[in-house]
Amino acid sequence: MNFEFTEEQIMIQQAARDYAQRELITDVIERDAKGIFPEHHIKNLANLGFLGMLVDPKYDGGGMDTISYVLAMEEISKVDSSVAVVMSVNNSLVCYGIEKYGNEAQREKFLKPLARGEKIGAFLLSEPEAGSDATSQRTTAEDKGDHYLINGTKNWITNANCGSTYIVIAQTDPAKGHKGINAIIVEKNTPGISLGPHEDKMGMRSSDTHSVMFTDVKVPKENRIGEDGFGFKFAMKTLEGGRIGIASQALGIASGAMERAIQYSKERKAFGKLISQHQGIAFKLSDMAVKVENARNLCLKAAWLKDNGKPYGTASAMAKYYAAEIAMQVTTEAVQIHGGYGYVKEYHVERLMREAKLTQIYEGTSEIQQIVISRALLED
Ligand SMILES: Cc1cc2nc3c(=O)[nH]c(=O)nc-3n(C[C@H](O)[C@H](O)[C@H](O)COP(=O)(O)OP(=O)(O)OC[C@H]3O[C@@H](n4cnc5c(N)ncnc54)[C@H](O)[C@@H]3O)c2cc1C
């Protein structure tokens, strides 16, 4: 086993850390409070190659490995998960989905601008009646010979407004159940698409979340990814990688909160000494460090398995489950260590606590990760 990072991985980690600590931090509180989409930061990250990190350079991507992706996601998420989630959806759901399962024409037309960060992608699976149970798709993609006609509503879609390339999961043949579902690339400017209002969220308030309505949206058949009926498998396979992104986001939220708690405990005095010198606080810090280290190791292991062509579905579910759970615990303790100051925006930890909550919910709730993990344990 080799626990050392390569020079390139360290450079990528440093570039992400520099950007987060110098640039993202400057306006994160205001963007969060007002729900302002971080447009110029996304452009800057595109210029750094972070929106198509994992894509092969022949499709204009950065050709970086998944370990580097984990390192970059952690650094960006220490400061601003609303930015990190744009990176995560674009890289590990949309770019990965098209690169791995799309055809050459789709890679040329759709993947290249996404990998360059000129266009942003969105992944449209969830519906008002289909969240955890993604097989209950009500959005239909009716087969009309040379095109599909899409009707229905998707919920909670990250990048719905800033994005222009959608991957839509929809039911073509209800008689076939989940084997009748397709994944179809849809350009947002296609007639018949409309957006609900920006969701007023608890956390990640400046990320771009909307419902998306489809009314007789005509999409050429050539935009279908894979064979007819491959859509559900496509979604599940793509989410296996997506979970490494969200796990790394949860890791960053936790490690960011821990770093702030350590710093604060070395500045704040109570009962005549620094609070870090009270064993009750020092032990909280040690518990945080063990949890963060475990989460990081799970994320890196899932990334390593993916980079080495080995099955990584269970590992990514473990990483996502554990990192999300400890992000909630670590951020809650970070607020506690800050006392009253932890409860106001200026010290950042209350925002990190709000952000942590979402990592237990999206791209498969913690309970769904437990189902994935326990199924793997129990299968014959
Ligand atoms: C801010 C935000 C952004 C999102 N972005 C996207 C996006 O870009 N694209 C997209 O497609 N979706 C997105 N989602 C949707 C997200 O993936 C779903 O909210 C999530 O999968 C849960 O679905 P649900 O909300 O319908 O909850 P439900 O499925 O109704 O679950 C409710 C509760 O029941 C539990 N539960 C359900 N089934 C079981 C079971 N079998 N055993 C035990 N417990 C169970 C769940 O864990 C949860 O606690 C986003 C959500 C949010 C909030």
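Residues numbered from 1 in each chain as written. Predicted model: local features only at pLDDT ≥ 70, side-chain atom pairs only at ≥ 80, totals over all residues. Heavy atoms only, no water.

Novice: Now, about the overall build of the chain: what can you tell me, with residues and values included?
Specialist: For the chain, the count of helices and strands is 10 helices and 9 strands. For the chain, whose C-alpha radius of gyration is 21 Å, the value lies close to the compact-globule estimate of 21 Å for 380 residues. Over its C-alpha atoms, taken along the principal directions, the chain stretches across nearly 80 × 45 × 40 Å. For the chain, the residues scored as buried account for 54% of the 380 residues in total. On the chain, roughly 16700 Å² of surface is accessible, and the fraction owed to carbon and sulfur atoms is 52%. Separation of charge centres in the chain, based on 44 positive and 49 negative side chains, amounts to 2 Å. (Helix = DSSP H or I, 4+ residues; strand = E, 2+ residues; numbered from the N terminus. Rg over C-alpha atoms; globule rule 2.2 N^0.38 Å. Buried < 20%, exposed > 50% of the residue type's maximum accessible area, 1.4 Å probe, protein only. Areas by Shrake-Rupley, 256 points an atom, 1.4 Å probe, with all protein chains shown as cover. Lys, Arg positive; Asp, Glu negative; His and termini not counted. Charge placed at Lys NZ, Arg CZ, Asp CG, Glu CD.)

Novice: So, the site of the ligand: which residues are in play, and what are the values?
Specialist: The full set close to the ligand counts 16 residues, and Ser126, Ser132, Trp156, Thr365 and Glu367 are the nearest of them. A distance of 2.7 Å separates a nitrogen atom of the ligand from a polar atom in the backbone of Trp156. A distance of 2.6 Å separates an oxygen atom of the ligand from a polar atom in the side chain of Thr365. When each cavity is represented as a set of grid points, the ligand is found to reside in the largest pocket. Counting residues per element, the shell around the ligand draws most heavily on strand β3 (residues 147–158), which supplies 3 residues. (Near = heavy atom within 4 Å. Polar contact = N/O pair within 3.5 Å; in protein donor to acceptor, adjacent residues only side chain to side chain. 1 Å grid on protein atoms, 1.4 Å probe; cavity = no way out; pocket = protein on both sides within 12 Å on 5 of 7 lines; lining within 4 Å. Sits in = over half its atoms within 2 Å of the grid points.)

Novice: Tell me about the nonpolar core, and please be specific about residues and values.
Specialist: If you look at the biggest cluster of nonpolar residues, it comprises 69 residues, and the most contacted ones within it are Ile98, Phe123, Ile167, Ile169, Ile225, Phe234 and Met288. Residue contacts for Ile98: discarding those within four places in its chain leaves Gln106, Arg107, Phe110, Leu111, Leu114, Ile167, Ile185 and Ile225. Among the nonpolar cores identified, the runner-up in size contains 23 residues, and Ala20, Ala46, Ile76 and Ile120 belong to it. (Core = buried A, V, L, I, M, F, W, Y, C linked by side-chain atoms within 4.5 Å. Contact = heavy atoms within 4.5 Å.)

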